[in-house]
Amino acid sequence: MNMPNKLKHFAWKACKNILATKENLKRRNITKDSVCEACGEQLESACHIFWFCDKAKEVWESSKLALPCCMEQCPGLLERIIAICRGIWKNR
């Protein structure tokens, strides 16, 4: 996979659940609030930020990706998904 290092690093951190989400920050006693800033309703976990938050759902709907999709049939799909997640992360 020939993916930019910044996307690889981001994906690694997301998979290891070490992104600075409010859930992780609260667990480390860095913040007292763990509620998602975007929706103000749910715990801000990586899963919520990237998939279940209303803001994320808007992004995925506008991306026009047909998910689920077989990776073999969609070259570059994994890189696009990671890039979209990184964009959501950067703009949260």
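The sections below set out a description of the structure shown in this document.

### Section: the environment of Lys 8
Looking at the element boundaries, Lys 8 is found in helix 1 (residues 5-15). Residue classification places Lys 8 among the partly exposed residues on the basis of a relative accessible area of 40%. For the pair Lys 8 and Ile 82, spaced 74 residues apart in sequence, the C-alpha separation works out to 8.4 Å.

### Notes on the packing of helix 1 against helix 5 (residues 77-90)
In contact at an axis separation of 10 Å, helix 1 and helix 5 are set at 75° when each is read in the N-to-C sense. On the basis of their axis angle, the class for helix 1 and helix 5 is roughly perpendicular. Taken together, the residues of helix 5 that come into contact with helix 1 (itself represented by Lys 6, Leu 7, Phe 10 and Ala 11) are Glu 79, Ile 82, Ala 83, Cys 85, Arg 86 and Trp 89. When the residues that make up the contact of helix 1 with helix 5 are grouped by side-chain class, the tally is seven nonpolar, no polar and three charged.

### Describing a negative patch on the surface
A cluster of like negative charges, contributed by Glu 41, Asp 54, Glu 58 and Glu 61, occupies part of the molecular surface. Within the secondary structure, Glu 58 sits in helix 4 (residues 54-63).

### Re the environment of Glu 37
Relative to the elements of secondary structure, Glu 37 occurs in the loop between helix 2 (22-27) and helix 3 (46-52). Sequence spacing of Glu 37 and Phe 50 is 13 residues, and the spatial spacing of their C-alpha atoms is 13 Å. Ignoring any residue separated from it by four or fewer positions in sequence, one finds Glu 37 in contact with Lys 22 and Glu 44. At 2.5 Å, the side chain of Glu 37 forms a polar contact with the side chain of Lys 22.

### Focus on the packing of aromatic side chains
Scanning the entire structure with this criterion turns up three aromatic pairs. On the numbers, 5.8 Å between centres and 80° between planes, the contact of Phe 10 with Phe 50 is edge-to-face. Of this pair, Phe 10 sits in helix 1 while Phe 50 sits in helix 3, and the two are 40 residues apart along the sequence. In this structure Phe 10 comes out as buried when scored by relative accessible area, which is 7%. Residue classification places Phe 50 among the buried positions, given a relative accessible area of 5%. Three or more aromatic residues link up through ring pairs in this structure, and these residues are Phe 10, Phe 50 and Trp 89. Lying over the aromatic face of Trp 89, Arg 92 brings its terminal NZ or CZ to 3.6 Å of the ring centre.

Cut-offs and rules
Residues numbered from 1 in each chain as written. Predicted model: local features only at pLDDT ≥ 70, side-chain atom pairs only at ≥ 80, totals over all residues. Heavy atoms only, no water. Helix = DSSP H or I, 4+ residues; strand = E, 2+ residues; numbered from the N terminus. Buried < 20%, exposed > 50% of the residue type's maximum accessible area, 1.4 Å probe, protein only. Axes fitted to C-alpha atoms, helices over the stretch in contact; angles between N-to-C directions. Parallel < 35°, antiparallel > 145°, perpendicular 65-115°, else oblique. Contact = heavy atoms within 4.5 Å. Nonpolar A, V, L, I, M, F, W, Y, C, P; charged D, E, K, R; others polar. Patch = residues over 30% accessible without salt bridge, like charges linked within 9 Å, V, L, I, M, F, W, Y side chains within 5 Å. Areas by Shrake-Rupley, 256 points an atom, 1.4 Å probe, with all protein chains shown as cover. Salt bridge = Lys/Arg side-chain N within 4 Å of Asp/Glu carboxyl O. Lys, Arg positive; Asp, Glu negative; His and termini not counted. Charge placed at Lys NZ, Arg CZ, Asp CG, Glu CD. Polar contact = N/O pair within 3.5 Å; in protein donor to acceptor, adjacent residues only side chain to side chain. Phe/Tyr/Trp six-rings, centres within 6.5 Å; stacked < 30°, edge-to-face > 60°. Lys NZ or Arg CZ within 6 Å of the ring centre and 35° of its normal.

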